[in-house]
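# Structural characterization, general
Take a look at the letters that make up each chain.
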Amino acid sequence: MEKPLFPSEYMRITQGYNEGTHKNSYAIDNAGKDSGISEVYAPFTGIIKKIYKTDANEVWLESIDKVEYPDGTVDYLTMLFAHDNNVEDLFVGKVIKKGEVFYHEGTKGNASGNHCHMECGRGKFSNSGWHKNAAGYWSIDNGERPENCLWIDDTIKILNNFSYQFKKISPPPVDNSDNNKEPVPIPDDEQKEKPDEELNLKDILTFTAPKTDLYGVYLKENQKLIIKELT
Ligand SMILES: [Zn+2]
């Protein structure tokens with residue numbers, strides 16, 4: 001199950017929630033690496049439900065499946081993004097894969113300086129996707145604090161988190177199970193390289209590359225990798 005990831009390589013929040021134009025909402029503005037236009041990645045695999053071009057090119061992205069929230073709950077998540085200057089490549093119904101660049105910072109609409117306005121709403125997109133709140137600003141339905149919806153990981157550089165505590169996705173555990181074992185001496189005759197035909201085929205992982213490309217493989221200490229071209 002996907003963990004929704006903060007959608008920018010650089011977290012530099014320039015306006016927090018419930019202040020100024022974000023009054024009565026959990027909207028945040030992220031200005032990315034610098035004053036230029038940073039890319040916005042899809043936080044989860046989702047489908048575009050609405051594009052509102054007459055204002056700030058607002059785009060609603062709804063998760064295809066339920067996602068895992070940082071508090072462990074499981075639900076759909078819908079996000080609203082605003083200010084990209086050009087959304088001509090997007091359309092309602094377009095599926096965006098997690099991590100794909102699909103949006104950019106910009107200044108479309110009421111924005112001073114390039115940034116991406118983003119809001120999280122728990123659950124699926126419904127009705128118009130937003131409402132005019134008590135302060136007179138349009139905000140996403142079922143709005144939630146971004147740190148209660150989005151995770152971070154080691155790839156995200158934190159320049160300003162506005163003191164919001166985002167939960168980190170822990171890296172996969174390192175397998176140390178072989179570290180404490182005494183090395184087993186190998187008898188002389190087994191140290192010699194065996195010719196191919198003597199290799200024990202049942203212990204061999206066979207992987208045929210479907211196309212010419214780079215592939216990654218995880219090797220343990222002393223494991224041997226033999227690359228062989230099929231003839
Ligand atoms: Zn904003």
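Each remark here, short or long, concerns the structure printed above.
Residues numbered from 1 in each chain as written. Predicted model: local features only at pLDDT ≥ 70, side-chain atom pairs only at ≥ 80, totals over all residues.

## Some details on the pairing of strand 11 (residues 116-122)
As a reminder of what qualifies: Note on burial: count the other C-beta atoms lying within 10 Å of the residue's C-beta; 20 or more is buried, 12 or fewer is exposed, in between is partly exposed, and C-beta positions come from the backbone. Secondary structure follows DSSP: runs of H or I at least 4 residues long count as helices, runs of E at least 2 residues long count as strands, and numbering of each begins at the N terminus. Strands qualify as paired when DSSP identifies two bridges or more between them.
Summarising burial for strand 11: six of the seven residues are buried, a large majority. As defined by bridge partners, strand 2 (residues 28-30) adjoins strand 11 across three bridges and the pair is classed as antiparallel. Its bridge partner lying in strand 11, Ile-28 is registered against Met-118. In this sheet, strand 11 lies alongside strand 8 (residues 77-82) in antiparallel orientation, the contact comprising six bridges.

## Quick word on the pairing of strand 8
In the case of a regular strand, side chains alternate between the two sheet surfaces. In terms of burial, strand 8 is a largely internal element, six of the six residues being buried. Alternating positions in strand 8 separate into two faces, Leu-77, Met-79 and Phe-81 on one and Thr-78, Leu-80 and Ala-82 on the other, with burial throughout. Across four bridges, the pairing between strand 5 (residues 58-63) and strand 8 is antiparallel. Bridge assignment links Leu-61 to a residue of strand 8, and that residue is Met-79.

## A closer look at the environment of His-131
Note the threshold: Note on contacts: residues are paired as contacts if their backbone-placed C-beta atoms lie within 7 Å.
On the secondary structure map, His-131 appears in strand 12 (residues 130-132). Taking the number of C-beta atoms within 10 Å as the measure of exposure, His-131 has 14 and is therefore partly exposed. Sequence separation between His-131 and Asn-142 is 11 residues; the distance between their C-alpha atoms is 9.8 Å. Setting aside residues up to four positions removed in sequence, His-131 forms contacts with Ser-139 and Asp-141.

## Overview of the nonpolar core
Stated precisely, the cut-off is as follows: Among buried residues, those of type Ala, Val, Leu, Ile, Met, Phe, Trp, Tyr and Cys that are joined through C-beta atoms within 7 Å form a set called a nonpolar core.
Counting 40 residues, the largest nonpolar core has Phe-6, Val-59, Leu-61, Met-79, Leu-80, Phe-81 and Leu-150 as the members making the most contacts within it. Elements with a minimum of two residues in this core: strand 1 (10-15), strand 3 (39-41), strand 5, strand 8, strand 10 (101-104), strand 11 and strand 15 (151-152). Considering each element in turn, this core owes the most residues, five residues, to strand 8. Among all residues touching Met-79, those that are not within four sequence positions of it are Pro-43, Leu-61, Met-118, Glu-119 and Cys-120.

## Quick look at the environment of Phe-6
Relative to the helices and strands, Phe-6 resides in the segment before strand 1. Sequence separation between Phe-6 and Phe-166 is 160 residues, and the spatial gap between their C-alpha atoms is 8.9 Å. In this structure, Phe-6 is in contact with Met-11, Pro-43, Leu-150, Trp-151, Ile-152, Ile-156 and Phe-166, ignoring residues within four places of it in sequence.

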